[in-house]
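# Structural features, examined
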Amino acid sequence: MFVITGATGNVGAEVVRLLAAAGEQVTAVLRNPAPQPAGVRHVAADLGDPASLEAAFAGASALLLLVAGQEPEAVMKTAKEAGIRRVVLLSSQGAGTRPGQYAHPAAFEDAVRASGLEWTILRPSGFYTNTLAWAGSVRARQAAAAPFADVALPFIDPADIAEVAATVLRQDGHAGRTYVLTGPEPITPRQRAAAIGRALGAEVRFTEQSREEARTEMSRFMPAEVVEATLDVLGAPTAAEQQVSPDVAAVLGRPARTFAGWAARHAAAFRP
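Formed by 31 residues in total, the largest nonpolar core has its most connected members in I4, V15, L19, L122, V164, L169 and L181. Secondary structure elements with two or more residues in this core: β1 (2-5), α1 (12-21), β2 (26-30), β4 (62-66), β5 (86-90), α7 (158-170), β8 (177-181) and α12 (247-252). Element by element, the count of residues in this core is highest for α7, at seven residues. In contact with I4, not counting residues within four places along its chain, are G12, V15, V16, L19, V26, T27, A28, V29, L64 and L169.

Going through the model one piece at a time under the given rule, you end up with 19 salt bridges. A salt bridge links E109 to R123, with the nearest nitrogen and oxygen atoms 2.7 Å apart. Separated by 14 residues along the polypeptide, E109 in helix α5 (residues 103-113) and R123 in strand β6 (residues 118-124) bring together distant segments of the chain. Residue E109 is classed as buried on the basis of its relative accessible area, which comes to 2%. Note on R123: relative accessible area 15%, which makes it buried. A salt bridge links D160 to R254, with the nearest nitrogen and oxygen atoms 2.8 Å apart. One end of the pair, D160, is in helix α7; the other, R254, is in the loop between α12 and α13 (259-265), and 94 residues separate them in sequence. Put simply, R211, E212, R215, E228 and D232 are held in one network by salt bridges that share partners.

Reading guide: rules and limits
Residues numbered from 1 in each chain as written. Predicted model: local features only at pLDDT ≥ 70, side-chain atom pairs only at ≥ 80, totals over all residues. Heavy atoms only, no water. Core = buried A, V, L, I, M, F, W, Y, C linked by side-chain atoms within 4.5 Å. Buried < 20%, exposed > 50% of the residue type's maximum accessible area, 1.4 Å probe, protein only. Helix = DSSP H or I, 4+ residues; strand = E, 2+ residues; numbered from the N terminus. Contact = heavy atoms within 4.5 Å. Salt bridge = Lys/Arg side-chain N within 4 Å of Asp/Glu carboxyl O.

So, to be careful, I would describe these as geometric facts and stop short of saying anything about function.
As structure tokens, this is what we get:
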């Protein structure tokens, strides 16, 4: 049985769907009830309360672990005592490129490596779905705004992350590996807005924000330290953060999906 934490997220929900479609036994771990595919077991639990995970982990052999809560060692102890043998951690590229600013996922990585279980770490770059933050302004005014208009980063489709996670959970041969997951090419905010416009068949006007304007907007839903780390990556990426990784293709045997393809599939979110 596979246990999926964060089972309603961009990645977790798709991992649940993929595993269920493949006929696997799946437990979706959620703090609150939510619809799940047929046959998927739901257990209410919280990574912030490791004791609550005992029922969810019982009888499982593999775990997709989200970075959440403050007690990764306790989570891993609970997993090991439940008989889980394999853990796949959904971390962040920043844990490798900026461990000082991404101390939370870095701590989870350390706990997973020290757990004594078979482990694989996934370090995705930024998600294509972050662009959904523009959906309201595109619907209302055919306009989008973001900082660092011409800084290109190889963002990734969460569906690719989910497919990699489902593959690594089910297959042998990935133990002790850390995979950096990116899209197939670096793309700028201005280019993302243009791709959405092409998907809609209408121009999306793009405005470059200042760092301060972006900070004010992001601070409405993100902690201050996360805002600053995110702005640092977006505005002054390291060479590693700008590099396209081969790991999606190596695991899946196909290239990562493009942003243009994602925009075409999600165009309805941006239409009035």
